[in-house]
Protein chains: 2
Amino acid sequence: MESSDVLALDNQVCFALYAANRAVTARYRPLLAELGLTYPQYLVMLVLWEGADGGQVRVTDIGERLRLDSGTLTPLLKRLEQGGLVERRRSTEDERSVIVTLTEKGQTLQNQARQIPARLLCDSGVEPEKIAALRDELRALLSRLEDA
Amino acid sequence: MESSDVLALDNQVCFALYAANRAVTARYRPLLAELGLTYPQYLVMLVLWEGADGGQVRVTDIGERLRLDSGTLTPLLKRLEQGGLVERRRSTEDERSVIVTLTEKGQTLQNQARQIPARLLCDSGVEPEKIAALRDELRALLSRLEDA
DNA sequence: ACCAATTATATTGTGCACAACTTATTATCA
DNA sequence: TGATAATAAGTTGTGCACAATATAATTGGT
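Residues numbered from 1 in each chain as written. Chains lettered and ligands numbered in written order. Predicted model: local features only at pLDDT ≥ 70, side-chain atom pairs only at ≥ 80, totals over all residues. Heavy atoms only, no water.

Focus: helix α1 (residues 13-35) of chain A
Residue and element names in this part refer to chain A. Cut-off, in case you're wondering: Here a helix means four or more residues in a row that DSSP labels H or I, a strand means two or more in a row labelled E, and each is numbered from the N terminus. Any helix carries an expected span of 1.5 Å times its number of residues minus one. By definition, a residue's bend is the angle between the axes fitted to the seven residues ending there and the seven starting there. Here's how the labels work: a residue is buried when its accessible area is under 20% of the maximum for its type, exposed when over 50%, partly exposed in between, all with a 1.4 Å probe on protein chains only.
Between its terminal C-alpha atoms α1 stretches 33 Å, which fits the 33 Å expected from 23 residues at 1.5 Å a residue. The principal kink in α1, of about 40 degrees, is found at R29, preceding the proline P30 by one to four residues. For α1, the tally of buried residues reaches 17 of 23 residues, placing the bulk of the element in the interior. Backbone geometry just downstream of α1 places G36 in the positive-phi region, at approximately 75 degrees.

If you want it as structure tokens, here you go:
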């Protein structure tokens, strides 16, 4: 029967993941546009707002957190810098590293961003418990894939 | 407490989705490279291999299935055409539409592709039932987002 | 101290995604 | 029928992702 075909689109987790990811991102887009951010830029800001390492965050640290490399992050961070949200400077103790710090404007933006998760949940009308369960399953999948 | 912060990266479903999607795609990449396909190209081939509409598949049909627009599909299909996997021609009954059909080479590729889902599951070592459950939850989320 | 290996970021090139716009064709209805 | 709207692809421009490579700085072993 058709529905058991290993190549049927609707049987693929990969496609469900791909489509759901783009649908969620599309939901974020108008809300983030109000802050002048794209979705990946928002993720970088989340890392910076967590303020680990006392603000001494290297490009590599962001990359490890988000699983992104310098080829993605360098131009993204330059755009955030142009928008006045972050500053980039070479570390004095290790000239190979670039330290990314929030500007005043970048810090202030966090207050506006706090409303986003709630607005998104409200818009989509999905139960918070289901969302949390899904999140945990996805994280489990991710660590499985990263370990193997 | 930190773990309840609405902006904490690890609390975001969106990030779990984003990271898991890229991790899964990364798993596909080397397998698909053997077929000369990228991941989105593979999804288009899945649609064509399903052979709906008796091979009379328009660009719009592919777009509806994959939730992609012509701005993404047109160049992608041109690359598939250059690779000799598909043909593109204007519909005779509606000159606005472009009909995409599989070439002999494109059809043959399906046989090589059939092994991919099994190899992927094997590599990642995740239980098939869990995968199926996750897929269904993601699809439910997707239809929620598309309806609202 | 010197050299090889490692590390951190940047650059280049390809291929998506998606918004905004254009062009061509078909459908609608006054 | 003739203007107008709707539809289907294509084009252009921006911003990711990621592979491959380059450059510069640091580290480790001798």
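Once you've had a look at it, read on.
Side note on the nonpolar core
Worth spelling out the cut-off: What makes a nonpolar core is a set of buried Ala, Val, Leu, Ile, Met, Phe, Trp, Tyr and Cys residues whose side-chain atoms join them at distances within 4.5 Å. Should any heavy atoms of two residues lie within 4.5 Å, those residues are counted as being in contact.
Counting 101 residues, the largest nonpolar core has Y42(A), M45(A), I62(A), Y42(B) and I62(B) as the members making the most contacts within it. If sequence neighbours within four positions are ignored, I62(A) has contacts with V44(A), V47(A), L48(A), V57(A), L73(A), L77(A) and V100(A).

Description of helix α6 (residues 116-124) of chain B
Residue and element names in this part refer to chain B. As a reminder, the rule being used: In this description, the arc belongs to the directions extending from the helix axis to the C-beta atoms.
Taken residue by residue, α6 has I116, P117, L120 and S124 as its buried positions. All buried residues of α6 lie within an arc of 100 degrees about the axis, which places them on one face of the element. When the buried face of α6 is taken as reference, the exposed residues oriented beyond 90 degrees from it are A118 and C122. G125, located one to two residues past α6, shows a positive phi value of around 65 degrees.

Details of the protein's contact with DNA strand C
To be explicit about the condition: Here a residue counts as near a molecule or strand whenever at least one of its heavy atoms sits within 4 Å of it. We define a polar contact as two N or O atoms separated by no more than 3.5 Å, with the added condition that, inside protein, one atom must be a possible hydrogen donor and the other a possible acceptor, whereas residues neighbouring each other in sequence contribute only through side-chain atom pairs.
Neighbouring DNA strand C are 27 residues; Y18(A), T60(A), T74(A), T38(B) and R79(B) lie closest to it. Take the atoms of DNA strand C that sit within 4 Å of the protein: sugar and phosphate atoms are 79% of them. With respect to DNA strand C, the side chain of R96(B) contributes an N or O atom lying 3.5 Å from a sugar or linking oxygen.

Thoughts on the protein's contact with DNA strand D
Just so we agree on the cut-off: In this classification, Asp, Glu, Lys and Arg are treated as charged, Ala, Val, Leu, Ile, Met, Phe, Trp, Tyr, Cys and Pro as nonpolar, and every other residue, Gly included, as polar.
Of all residues adjacent to DNA strand D, which total 28 residues, the nearest are R79(A), Y18(B), R22(B), T60(B) and T74(B). Between Q41(A) and DNA strand D, the recorded distance is 2.9 Å, taken from a side-chain N or O atom to a phosphate oxygen. Between DNA strand D and the protein, one listed contact pairs a phosphate oxygen with a side-chain N or O atom of R58(B) at 3.1 Å. Where the surface near DNA strand D is concerned, the elements lending two or more residues are α2 (39-50) and α4 (70-82) of chain A together with α1 (13-35), α3 (59-66), α4 (70-82) and β2 (86-90) of chain B. Looking at side-chain class alone, the surface near DNA strand D contains 5 nonpolar, 9 polar and 14 charged residues.

Here we look at the pairing of strand β3 (residues 98-102) of chain B
Residues and elements named next belong to chain B. Worth spelling out the cut-off: Think of it this way: DSSP has to see at least two bridges between two strands before they count as a pair.
A large share of β3 lies buried, amounting to 4 of its 5 residues. In this structure, strand β1 (residues 57-58) lies alongside β3, joined through 2 bridges in antiparallel fashion. Of the residues in β3, the one forming a bridge with V57 is V100. Across 5 bridges, the pairing between β2 and β3 is antiparallel. Bridge pairing links R89 to I99 in β3.

With respect to the environment of V59(B)
Residues and elements named next belong to chain B. Looking at the element boundaries, V59 is found in helix α3. Overall, the relative accessible area of 17% leaves V59 in the buried class. Along the backbone, V59 and L73 are 14 residues apart, and their C-alpha atoms lie at a distance of 7.3 Å. Apart from residues no more than four positions distant in its own chain, V59 is found in contact with L73, L77, V98 and V100.

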